[in-house]
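Architecture and fold: a report
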Amino acid sequence: MRNAEQLTPLKSELLDIFLSMEVAEHEARKRNAALRYLRARRGIEIRNEAKRLEQDLADYDDIKQ
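The structure contained in this document is the topic of the report that follows. Quantities reported herein were computed from a predicted structural model and do not represent experimental measurements. Per chain, residues are indexed from 1 in the order of the written sequence. Reporting in this predicted model follows two pLDDT cut-offs: at least 70 for local features of residues, and 80 or more for side-chain atom pairs to be given and counted; totals over whole chains, interfaces and linings ignore these cut-offs and use all residues. Side-chain numbers here rest on the full set of heavy atoms in the structure, without hydrogens or water.

1. Things to note about the overall build of the protein chain
The number of helices and strands found in the protein chain is one helix and zero strands. A compact globule built from 65 residues should have a C-alpha radius of gyration of about 11 Å, whereas the protein chain, at 28 Å, is more than 25% larger. Referenced to the eigenvectors of the C-alpha coordinate spread, the extents of the protein chain come out at roughly 95 × 5 × 5 Å. Exposure categories follow from relative accessible area, calculated using a 1.4 Å probe and restricted to protein chains: below 20% of the type maximum is buried, above 50% is exposed, and the middle band is partly exposed. Here the protein chain holds 65 residues, and the buried ones make up 0% of them. Each accessible area is a Shrake-Rupley result for a 1.4 Å probe, and residues are judged covered by the shown protein chains and nothing else. Accessible surface computed for the protein chain: about 6500 Å², of which carbon and sulfur atoms make up 58%. Within the protein chain, the 13 negative side-chain charges are centred at a point lying 3 Å from the centre of the 13 positive side-chain charges. Numbered from the N terminus, helices here are DSSP runs of H or I no shorter than four residues, and strands are runs of E no shorter than two. Atoms counted for the radius of gyration: C-alpha only. Globule rule: 2.2 Å times the number of residues to the power 0.38. Only four residue types enter the tally: Lys and Arg on the positive side, Asp and Glu on the negative side, with His and both chain ends excluded. A charge is said to be at NZ when it belongs to Lys, at CZ for Arg, at CG for Asp and at CD for Glu.

See below:
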């Protein structure tokens, strides 16, 4: 009986450790996904800014001539 009594707290502690590791891994995956999303969004914004600048320069050249 004593072994069972000692084993139960150990099982609980191991389960707590495992669950906290799972939570930490999930949070890390969420952070990485958010960073990838922000990088992709910024890449699209940069591309649109470059297109807009190119168009503005073309318009300027047309007006200048």
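Picking up where we left off.
2. Thoughts on a negative patch on the surface
Patch definition: residues above 30% relative accessible area lacking any salt bridge, with like charges linked at up to 9 Å and the nonpolar side chains Val, Leu, Ile, Met, Phe, Trp and Tyr linked at up to 5 Å. By salt bridge we mean one thing: a side-chain nitrogen of Lys or Arg within 4 Å of a carboxyl oxygen of Asp or Glu. Together, Asp56, Asp59, Asp61 and Asp62 line one region of the surface with negative charge. Of note, aspartate 61 is situated in helix H1 (residues 2-64).

3. Concerning the pattern of salt bridges
Under the defined criterion, the tally for this structure stands at three salt bridges. Notably, a salt bridge pairs glutamate 45 with arginine 42, separated by 3.2 Å at the nearest N-O pair. Here glutamate 45 and its partner arginine 42 are both found in helix H1, three residues apart, which amounts to about one turn of the helix. Its relative accessible area of 38% is what places arginine 42 among the partly exposed residues. Salt-bridge contacts for glutamate 49 lead to arginine 42; the nearest nitrogen and oxygen are separated by 3.4 Å. Each member of the salt-bridge network shares a partner with another, and the members are Arg41, Arg42, Glu45 and Glu49.

4. Quick notes on the environment of leucine 15
With respect to the element layout, leucine 15 can be found in helix H1. The class of leucine 15 is partly exposed, set by a relative accessible area of 47%. Spatially, the C-alpha atoms of leucine 15 and aspartate 62 are 70 Å apart, while their sequence positions differ by 47 residues.

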